Amino acid sequence: MCIRDSTKKEEYDDALVSYERCRTIQEILGENHSDHAVTLSSLGFIYLCKKNFVTALKMYHQCKRIRAAVLGESSPLYMETLTCIGNLCYRYYDYKRALEYHHKCEKIRLREQGESHPSYVTTLFTIAAFMTIWVSTER
């Protein structure tokens, strides 16, 4: 079962237990291992789904640090992590920070992938949508 398709709270809780066990076992690999970053990203997603935004942000930031160190800031996985943090900030109603992360991702995607890449276009769309929502909530 893919937890991203799950909508039941119990399944999130079960996934959380499994990911935390994974994280403990992965400590053998070392803190800066790319597999550890995958687990942190998954934990961030679960905490986001459970509306525990502070812990989700912590997980995503740890993931971002590892991916920057191991894969570099031009890595698609690093850019994905920036997107996750931006989306989390959006869900937390911090539109300014959400836009900051998406703009950072936009600059990297443009440099690394070019303006005709689908991921770059998706990032532009997300920025436009977030800006529209931010402006409409300021009234």
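Residues numbered from 1 in each chain as written. Predicted model: local features only at pLDDT ≥ 70, side-chain atom pairs only at ≥ 80, totals over all residues. Heavy atoms only, no water.

Asker: Got a minute to help me understand the overall build of the protein chain in this structure?
Answerer: Looking only at helices and strands, one finds six helices and zero strands in the protein chain. Ordering the α and β elements of the protein chain from the N terminus gives α-α-α-α-α-α. Relative to the compact-globule value of 14 Å for 139 residues, the protein chain shows a C-alpha radius of gyration of 16 Å, a close match. In terms of overall dimensions, the protein chain has C-alpha extents of about 45 × 35 × 25 Å along its principal axes. With 139 residues in all, the protein chain has 38% of them scored as buried. When contacts within the protein chain are restricted to residue pairs at least 6 apart in sequence, those whose partners lie at least 24 apart make up 51%. When the accessible surface of the protein chain is totalled, it reaches about 8300 Å², and 56% of it is carbon and sulfur. Taking the 19 positively charged and 17 negatively charged side chains of the protein chain as two groups, their mean positions are separated by 3 Å. (Helix = DSSP H or I, 4+ residues; strand = E, 2+ residues; numbered from the N terminus. Rg over C-alpha atoms; globule rule 2.2 N^0.38 Å. Buried < 20%, exposed > 50% of the residue type's maximum accessible area, 1.4 Å probe, protein only. Contact = heavy atoms within 4.5 Å. Areas by Shrake-Rupley, 256 points an atom, 1.4 Å probe, with all protein chains shown as cover. Lys, Arg positive; Asp, Glu negative; His and termini not counted. Charge placed at Lys NZ, Arg CZ, Asp CG, Glu CD.)

Asker: What is the right way to look at the environment of K104 in this model?
Answerer: Positionally, K104 belongs in helix α5 (residues 95-113). Separated by 42 residues in the primary sequence, K104 and Q62 have C-alpha atoms spaced 17 Å apart. Not counting the four nearest positions on each side in its chain, K104 is found in contact with Y78 and L82.

Asker: So what exactly am I meant to see when it comes to the packing of helix α3 (residues 53-70) against helix α4 (residues 76-91) here?
Answerer: The relative placement of two packed helices is expressed as an angle between their axes plus a distance between the axes. Packing of α3 against α4 leaves a shortest axis separation of 9 Å and a crossing angle of 160°. With respect to α4, the element α3 is oriented roughly antiparallel. Crossing angle aside, the handedness with which α3 passes α4 is left-handed. Residue-level contacts link F53, A56, L57, Y60, H61, C63, K64, R67 and A68 of α3 to L77, Y78, E80, T81, L82, C84, I85, L88 and R91 of α4. Class assignment for the residues of the contact of α3 with α4 results in twelve nonpolar, two polar and four charged. (Axes fitted to C-alpha atoms, helices over the stretch in contact; angles between N-to-C directions. Parallel < 35°, antiparallel > 145°, perpendicular 65-115°, else oblique. Left-handed = near helix turned anticlockwise from the far one by under 90°. Nonpolar A, V, L, I, M, F, W, Y, C, P; charged D, E, K, R; others polar.)

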